[in-house]
Every structure is written in structure tokens, then in C-alpha cells.
Amino acid sequence: RSKYVPLAIEDMIWADLEEFLRNPGDVLKTLAENMDGLEDDDSIAKRELELIQEQLKEKDIERGRILNLYRRGTIDTALLDHQMADIETERQNLTQALVCVRERLGGVQAAATRIDSAEALLSELNGRLDGTLTWELKREIVETLVEGIIVETVEKKNGKKEAIVHVTYCFDKPNSLLTNHTQIRASRRWGLKISRMYKMGAGRSAWTSNDSLRSAAA
């Protein structure tokens, strides 16, 4: 990844933002269409959750059987300790997997309810554009909607270098109680997002967008 950020990037980002705020229909449609994929993710996560819960129940049953064998004198203490340690390790792995699936499931379900809030956020910011567009207001809009920028430099077949910029926009309203940028980003981890890729050849000032929006729940 290149540390060099083209000066034109600010104008490019602002053009995107103004498009989202002035004409929010397209971006909202893209986010809504992505909900179809989220429904599939939701079903998969629920099945995984049920499977892990069943496996945890089986481990409890298995542990009870091992204890019964020990009480009957079928196995000695050494074998009991070995078996119980194995079961506990497997339980810990399953428990960790359960936490991950629940987190993913919660994120998917939360993202599916955020279209209305995204529309409200864009409408609120759009209304503020009608007033005096100060530097502070532009900065606030950028910090609210731009989650991240990645600039990479690639070498083409002809040997010339080309800058490719990936910009990720997030349409979840930040928590007003949070002031730390890292905390704000963490709180919007499962937010509704889209990414756009731009290319700029070395020595050129004009940006060329691939005109494709990719929405994601993470």
C-alpha cells in the first residue's frame, strides 16, 4: 500500500458525498438490495448456532458418561483426568465458536434494521447542505460518512505505475456519546457500508471511477 494520497482525493470524496446527500435514492437502493444476501447469512448463522448448541449438549452428556465409568471403577484417575481435559478443551473451542456466531448473527440482524436510520442520516445531512457550507461542516460530513481510505500503487504491464484508491463509506449515525475515533469505528463495525474504487494513472489528474458500489454489513 502506498502512503502517498493524491491531492485530488478530497474533491473526489466530496463529489461522492454530495451525490449521496443530494440523491440518496441510489445508495439506499444498493443497501436495500444487499439485505437479500444478509438474509442468507442470517439463516446460515442460525443453523450454525443450533449445531454448536447441540454439540455442547453432547459434550455435557459425554462428560457425565466418563464420570459414571470412573465411579464404577471401569477407568482409573489418570484416564479420567485425560478424558475430562479433552472434553473441556473441546467445550472451550465450541464456546468460542458460539460467541463468534452469535456476534455475527447479531451484526447481520442489526444491519438489516438500519436502512431507515441510514435514510434519516442522509436526509439530516442533506438539509444542512442548504445552509452555509463552512469548512467545519464539510469536515463533519466527511468524518461522519467516510470510514476509511486505502491508497495502493500498482505497476501496469507497460511499466507505468497507477494509483488505486478504495474509499469506504458508512451510513450509520455515530454514537454521540463517543468522542474517540477508534471507539466510534468499533461501534459502527456492523454498519451499512459501501466501497468505491477509483484509478488514477501516474501524471494524470482526472479520476476514473468504476461506477460500481459494493455494500457490506461489515
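Because the structure is a prediction, the values reported are computed rather than measured. (Residues numbered from 1 in each chain as written. Predicted model: local features only at pLDDT ≥ 70, side-chain atom pairs only at ≥ 80, totals over all residues. Heavy atoms only, no water.)

**Here's the deal with helix α4 (residues 115-129)**
Reasoning step 1: With 15 residues, α4 ought to run about 21 Å at 1.5 Å a step, and its terminal C-alpha atoms sit 21 Å apart, in line with that.
Reasoning step 2: If you check which residues of α4 are buried, you get Ile115, Ala118, Leu121, Leu122, Leu125 and Leu129. Around the axis of α4, the buried residues are gathered within 125° of arc, so they sit on the same side. In α4, the exposed residues that point more than 90 degrees away from the buried face are Asp116 and Ser123. (Helix = DSSP H or I, 4+ residues; strand = E, 2+ residues; numbered from the N terminus. Expected span 1.5 Å × (residues − 1). Buried < 20%, exposed > 50% of the residue type's maximum accessible area, 1.4 Å probe, protein only. Arc of directions from axis to C-beta.)

**Some remarks on the packing of aromatic side chains**
Reasoning step 1: As enumerated under the stated definition, the model contains 2 aromatic pairs in all.
Reasoning step 2: When the centroid spacing of 5.0 Å and the interplanar angle of 85° are considered together, the rings of phenylalanine 20 and tyrosine 169 count as edge-to-face. With phenylalanine 20 in helix α1 (residues 9-22) and tyrosine 169 in strand β2 (residues 161-170), the pair connects residues that are 149 residues apart, well separated along the chain. We note that phenylalanine 20, like tyrosine 169, is buried.
Reasoning step 3: Note on phenylalanine 20 and phenylalanine 171: the rings are 5.5 Å apart at their centroids and 70° apart in plane angle, and the pair reads as edge-to-face. (Phe/Tyr/Trp six-rings, centres within 6.5 Å; stacked < 30°, edge-to-face > 60°.)

**Concerning the confidence of the model for the protein chain**
Reasoning step 1: Summarising the model, the protein chain shows a mean pLDDT of 76, and 72% of its residues fall at 70 or more.
Reasoning step 2: The weakest mean pLDDT in the protein chain belongs to strand β4 (residues 208-209) at 36; the strongest belongs to helix α3 (residues 77-111) at 89.
Reasoning step 3: Every residue in residues 201-218 is under pLDDT 50, and counting partners more than four places away or in other chains gives 51 contacts. (pLDDT = per-residue confidence, 0-100. Contact = heavy atoms within 4.5 Å.)

**Section: the nonpolar core**
Reasoning step 1: The biggest cluster of nonpolar side chains holds 27 residues, and the ones touching the most others in it are Leu17, Ile141, Leu145, Tyr169 and Phe171.
Reasoning step 2: Those elements that provide at least two residues to this core are α1, α2 (25-71), α4, α5 (135-145), β1 (146-155), β2 and β3 (193-201).
Reasoning step 3: Residues Leu49, Ile52, Leu56 and Leu94 belong to the second largest nonpolar core, which totals 8 residues. (Core = buried A, V, L, I, M, F, W, Y, C linked by side-chain atoms within 4.5 Å.)

**Quick notes on the side chain of aspartate 16**
Reasoning step 1: By the element assignment, aspartate 16 lies in helix α1.
Reasoning step 2: The buried category is assigned to aspartate 16, whose relative accessible area is 3%.
Reasoning step 3: Those residues in contact with aspartate 16 that lie beyond four places of it in its chain are Tyr169, Arg196 and Tyr198.

**Let's talk about the packing of α4 against α5**
Reasoning step 1: Across the interface, α4 lies against α5 with an axial gap of 11 Å and an inter-helix angle of 165°. In terms of axis orientation, α4 runs roughly antiparallel to α5. In this structure, α4 meets α5 at a crossing whose hand is left-handed. Contacts from Leu121, Leu122, Leu125, Arg128 and Leu129 in α4 reach Leu137, Glu140, Ile141, Thr144 and Leu145 in α5.
Reasoning step 2: Of the residues that constitute the contact of α4 with α5, the class distribution is 7 nonpolar, 1 polar and 2 charged. (Axes fitted to C-alpha atoms, helices over the stretch in contact; angles between N-to-C directions. Parallel < 35°, antiparallel > 145°, perpendicular 65-115°, else oblique. Left-handed = near helix turned anticlockwise from the far one by under 90°. Nonpolar A, V, L, I, M, F, W, Y, C, P; charged D, E, K, R; others polar.)

**A look at the pattern of salt bridges**
A side chain of one charge can pair with a side chain of the opposite charge when the charged atoms of the two come close.
Reasoning step 1: Across all of its chains, the model carries 7 salt bridges by this definition.
Reasoning step 2: In this structure, lysine 59 and glutamate 90 form a salt bridge, with 2.3 Å as the shortest nitrogen-oxygen distance. With a gap of 31 residues between them, lysine 59 in helix α2 and glutamate 90 in helix α3 connect regions that are remote in the sequence.
Reasoning step 3: Residue class for glutamate 90 comes out partly exposed when judged on its relative accessible area of 34%.
Reasoning step 4: Each member of the salt-bridge network shares a partner with another, and the members are Lys59, Glu62 and Glu90. (Salt bridge = Lys/Arg side-chain N within 4 Å of Asp/Glu carboxyl O.)

**Some details on the pairing of β1**
Reasoning step 1: Here β1 runs beside β2; their pairing, made up of 9 bridges, is antiparallel. Looking across to β2, one finds that valine 151 is bridged to valine 165.
Reasoning step 2: Adjacent in sequence and paired antiparallel, β1 and β2 are bridged by 5 residues, among which glycine 159 carries a positive phi angle near 90°. (Pairing = 2+ DSSP bridges.)

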